[in-house]
Every structure is written in structure tokens, then in C-alpha cells.
Amino acid sequence: MSKTVGIDLGTTFSLIAFVDPATSAPRCIPGPYGETLCPSVVSLDADGTVIAGEPARRRLLTQPERTIYSVKRLMGRGVEDVRDELKIFPFRIDPESRSVIRVRLGEKYFTPPEISAFILRELKSWAEEFFKDTVDRAVITVPAYFNDAQRQATKDAGRLAGLEVLRLVNEPTAAALAYGLHKQKRGRVAVYDFGGGTFDISILKLISTTEGDIYQVLSTNGDTHLGGDDIDNALAAVARAEIEQKFTIDFAKHPEAVQELRKTLIHAKHQLSSAERATIRFALPDDRIYTREITRAEFDKLIEPIIARTMAPVKMALADAKLQPSDMDEVVMVGGSTRIPLVRKTVGDYFGRAPHCELNPDEVVALGAAVQANILESGVKDMLLLDVTPLSLGIETMGGVVAKLIPRNSTIPASAQELFTTGVDNQTGIDIHILQGERELARDCRSLSRFQLKMPPGPAGLARVEVKFLIDANGILQVSAKDLRTGEQSSLEVQPSYGLTDTEMERMLEESIEFAEQDFQQRQLIEARNEAETILHATEKTLAREESQALATEERAKIDAAVKLLREAAAGTDYKLVRKRTDELNQATMHLAELAMNKALQAAVGGRKLDEV
């Protein structure tokens, strides 16, 4: 019988784990070198053979042009999104790449999901050797702040590796499972996940009920451009500047030296987690030696701005959950970067309590993925995992306004539906434009996809279009639209473009707060103008009909004046005045509306007068 496993597909290292049936405890599976950590590195041999893991990492020094690391930073992203990364990481992007990035290894090009699939295959082979059995199903973890494109890219990688991806689970949520916090029966937990390439914070609520334990994510936030790599880069920037100044070495001509220096600096970083000072000793390409001692105080000062950047998402996640730091019952540390004393001190000082660091921070996410895999495989009913969607989802409506169907931080799986109609006469289709973000106007949100629903022409407002949103357990969105009058239906699974900027996630949330008042006023104005346009259109149509001849001259003049005033108001920016003029036109056309209604009723009863009915 094939096995189901949990996988942490990380930026720096990846791991694979399972729940040991003998102990009911999760365990990470070691590879051929005896380590549970598989370097997230892929290399291409001259003969076209692809290798992953530790053998590939060794080639970072000898064959850097054929080797790639930190590919997770490219998952689900477009060419324009990675300009900053290209300044730091030696990614060789295919100049012909458009929406989907292609990376050059040797003479071949691969997409980020293909490269990640090589890492997953390596882990799969570890597990199959361990079990002496087939492994074809997995739960894979992703940063809580991964957007739709990044989640879809991760699922694609799993499929390419020959794995059925049963579930994508947010990394901080997996950590809660690994720590077994359900044994406390209830409480609120902050999971601070600072890994190699990403930072996440999730606020969890643990509830014990008669039906089982519920792990609910109250809120989530993070920064997909923040991790241990940034600390390594900060160290490298200092060391390279000193070396280039003192020894006049051009590192651009020695790519293998860049990797060797990086390795030396990472070793020093690890030393500073337990010692007060470390010595950097690096042999230059011309055999001269660069030596430098760095104290923990120097190191802390260098990385303090990076650590401080993690606290903004922490504060935002707490605000979203409507909680204070003192409301947290537990704080859990996840990710290799949380071994740094300054990180633990910063987090402990903010929450006013010592964070949990008992489990190996590198393994805890994989262990949690294994617990979730076991839940899905065994059908355990007494454990429920409730994740949330990180950003609101909706569609564009008339005037460019966003109608939000699923608000951010909604528990997933989630669904919502709403009725919409046409805005102009004789429309033959309705454009469903799917958006993600917190702003009120479509132009300020992120476009996910769009499709059209065909319909027969008719008067504005006659059609009844039901739009349904469904987010599955992996956070992937499905949208359908149905014309309730004709039964015509159209749907799609949103396959987001990989060419969308990843940093929009953080920017959207910040701007939604910064521009909240301005956005609301703009939305009010657009909605007031839409309402005004509707009544103006209806008034003009009715005035053109025969029944309007029954109006007194004074009544007609009053309506014409109200129409003029409303048009003038709608051309301005005072939404309150627009609504006031709309109400005035409504009052002025009440008799006209009665005449039109009488005419319609007469037609409905075969032309007889109303008093004959």
C-alpha cells in the first residue's frame, strides 16, 4: 500500500516526514547522507542529468552556472517581479521569458515549478527507500502569505514530481499541529515563522469541543521577501565591500568565490547563535587571506533592521484578529532563522513571554505536514484544521467598484454567491472580472482572471446573474456565473498569471488602510452616479412615451429642472449632493411613475380601464 507523507518545500532546505504508527508521533525521514535536511538546490550535469539536494549544493562552488538555489523565491512570479532578486541571487533568466519565468541551467531552461519538482522527487526517493514502498500522495506546506499563483505553482511542482497533492497547508498552521498545542484544549497562539526566504505570522485559536479539536487561523500576515537569505546578504555586502576595497577583487569575475564566501559567512552566522564572537577566514581566488572577527553585538546591529521588518506584519496580524500581544497564551518559533538570539529576544519582549523553541525549528513545519497527512489518510475526525484566505476576493461592478464576495481572513474552504444584473440596455454578455485586494476600486486591486457570460439582449436590470465563488482547502479559487433567466452558465478554476507582482500582497494591505477614507468616498461617488444614471435613463425613456403627455406643464417643467440639477451634480464630486438631487428627481417623477404603471397595468389586462378590473 502506497504511503502518504508531509513535505516542507523550503527556500533553503526541504524535508519529508511521516507519522510513525508505532508511536503516533511525526518523524522526519533522513536521506542517504544521514541528514533530514535536503538542500533546496538543483544542478544540471553536462550530459543532461539533473541532481538535487546535497550533491547539487556541492556544485554551487564548482559549477555555479549549472546550479540554482532559493528557487522558491521565483515560484508563481513574473519576470518584472524578480528584478530585485536578480541583483543579489545569480538567477539566469531566459531573456525570452514573458509571464512565466524560465531559468537557465547549463544549456537548458526550466520553470520554477519544474526545478521544485526535482527537489520533491529527491525527497520522494528518500521516503520510498525508507519505506521500501511507493510514495504518491503528499501534503505540502506553503507560506501563509503565498498568493494564488504561488500556491498553484506549488501544486504544479507536486504533480510534476509524481505526487498527488492532497492539501496545501500554511506553514505556521502546520507548526501548531507539530507542537500538539491541542493538548492545552484551548488558547490563542502566535506562530512566528522566520525561514530562509520568507516570513510569516499567524494568529491561531485552539478550541476543544465535544466533536473534536479545532485549529482556527484568526489572521495571517507576512513578507515573502524576508528571510535568512537577507541576513546572509547583509553579511555578504559588508564582507564583499571590505574585500573589494582592501584586495581590489572583482567578484563578478569569480562566481565560485561568491558561493564560497557565502558558505563561510553562513558558518559564522551559525556560530554567533551560541557564541559571543566568530572569526571569518576566507581564501581569496589569488590565495590571499581575508580574516575578520565579528562580535554578536556587531552582528545584532547589522541585522536589527531586518528583524524589525518582521514586527510590522506581526502587529498587523494582531490588529486583524482584534487582539493585543498580552492576549497570546503561547508564542511558537518556527524556521532556522529563529535560532538567532536577537530574534528570540525581539519576539519575547514584544509578547511579554518566552517563546516556544523546544522543537527543531527546521523540522517543525514538516512534522506538522505529516500530522495533517495522517489526518487525511486515516480519516481522523477529532482534529479540524481551519485556514484562512489572506486577501479579499470579489468582482468588478459598474463604475469600476469592487463587490467583495469573500472577505480577507475568511476561513477556508469558503463559498459565497451574489446576484448581479446588467447596466445598459441590450447587453449580450456580462464580463466577470475577478479581483483580489482590499481597496474599493478595481483599478487598485489585483486582477486574477476574467471571463464572459453570454445572454440574450434585454432592458438594463432585467437579467439576473448569480456569481458563485468557491475556495477549496488549498486556497485555489473557482468561479461560476449563471443567468437565472436562461440557464446559461460559465465557470473556470482561476489559474492566476505568474506575471503578477508578489509584493502586491503587502502593499495592498498597507494601502487599504492608508487610503480607506479616500477609497470609501470614491466608492460612494461612483455608486451615487450609477444610481443617478439609472433614474435619469428611466426618466428619459418614460418622458418619451405617450403617457407623459398627461403631465401638466408645471409638472413637466419641474421634472426637467430636476433632471438638469441631477446632471450637474453627477458631473461634480459631492456624492451627498448627487444623492440629494436623485431623491429630488424621484419626488418630481412620482406622478409620471404612476401614469407609467397605469399604462402597464392596462396593457396587462388587455386594454381595459383600471376601474373595470
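Conventions we followed
- Residues numbered from 1 in each chain as written.
- Predicted model: local features only at pLDDT ≥ 70, side-chain atom pairs only at ≥ 80, totals over all residues.
- Heavy atoms only, no water.
- Phe/Tyr/Trp six-rings, centres within 6.5 Å; stacked < 30°, edge-to-face > 60°.
- Buried < 20%, exposed > 50% of the residue type's maximum accessible area, 1.4 Å probe, protein only.
- pLDDT = per-residue confidence, 0-100.
- Helix = DSSP H or I, 4+ residues; strand = E, 2+ residues; numbered from the N terminus.
- Contact = heavy atoms within 4.5 Å.
- Pairing = 2+ DSSP bridges.
- Core = buried A, V, L, I, M, F, W, Y, C linked by side-chain atoms within 4.5 Å.

### A few points about the packing of aromatic side chains
Where two aromatic rings form a pair, the distance of their centres and the angle of their planes describe that pair.
Logical step 1: Throughout the structure, instances matching the rule amount to eight aromatic pairs.
Logical step 2: Note on Phe 130 and Phe 131: the rings are 5.3 Å apart at their centroids and 80 degrees apart in plane angle, and the pair reads as edge-to-face.
Logical step 3: Phe 131 sits in the buried class, given a relative accessible area of 18%.
Logical step 4: Arranged with centres 5.2 Å apart and planes meeting at 85 degrees, the rings of Tyr 350 and Phe 351 form a pair that is edge-to-face.
Logical step 5: On the basis of relative accessibility, which here comes to 26%, the residue Tyr 350 falls in the partly exposed class.
Logical step 6: On the basis of relative accessible area, Phe 351 is assigned to the buried category, the value being 4%.
Logical step 7: An aromatic cluster of at least three residues, connected via ring pairs, comprises Phe 18, Phe 130 and Phe 131.

### Let's talk about the confidence of the model for the protein chain
Logical step 1: For the protein chain, per-residue confidence averages 83 on the pLDDT scale, and residues scoring 70 or more make up 87% of the total.
Logical step 2: Element-level mean pLDDT values for the protein chain span from 55 in helix α11 (residues 504-514) up to 96 in helix α9 (residues 341-351).
Logical step 3: Across residues 496-505 the pLDDT falls below 50, and counting only partners more than four positions away or on other chains, this stretch makes 39 contacts in the model.
Logical step 4: Overall, residues 607-613 carries pLDDT values under 50, and its contacts beyond four positions in sequence, including any with other chains, amount to six contacts.

### Things to note about the pairing of strand β1 (residues 3-8)
Logical step 1: β1 sits mainly inside the fold: five of its six residues count as buried.
Logical step 2: The pairing of β1 with strand β10 (residues 135-142) spans six bridges and is parallel. For Thr 4, the partnering residue across the bridge sits in β10 and is Arg 137.
Logical step 3: Alignment of β1 against strand β2 (residues 13-20), held across three bridges, turns out to be antiparallel. Looking at β2, one finds that Gly 6 is bridged to Ala 17.

### A word on the environment of Ala 588
Logical step 1: For Ala 588, the location among the structural elements is in helix α14 (residues 575-588).
Logical step 2: In this structure, the C-alpha to C-alpha distance between Ala 588 and Arg 556, residues 32 residues apart in sequence, is 8.9 Å.
Logical step 3: Those residues within four positions of Ala 588 in sequence are excluded, and the remaining contacts are Lys 558, Ile 559 and Ala 562.

### What to know about the nonpolar core
Logical step 1: In this structure, Val 5, Ile 7, Val 42, Ile 68, Leu 120 and Ile 140 are the most contacted members of the largest nonpolar core, which totals 48 residues.
Logical step 2: By residue number, the principal contributor to this core is helix α3 (residues 112-131), which donates nine residues.
Logical step 3: Leaving out residues up to four positions away in the same chain, Ile 140 has contacts with Ile 7, Leu 9, Leu 120, Thr 154, Gly 158, Val 165, Arg 167, Leu 168 and Val 169.

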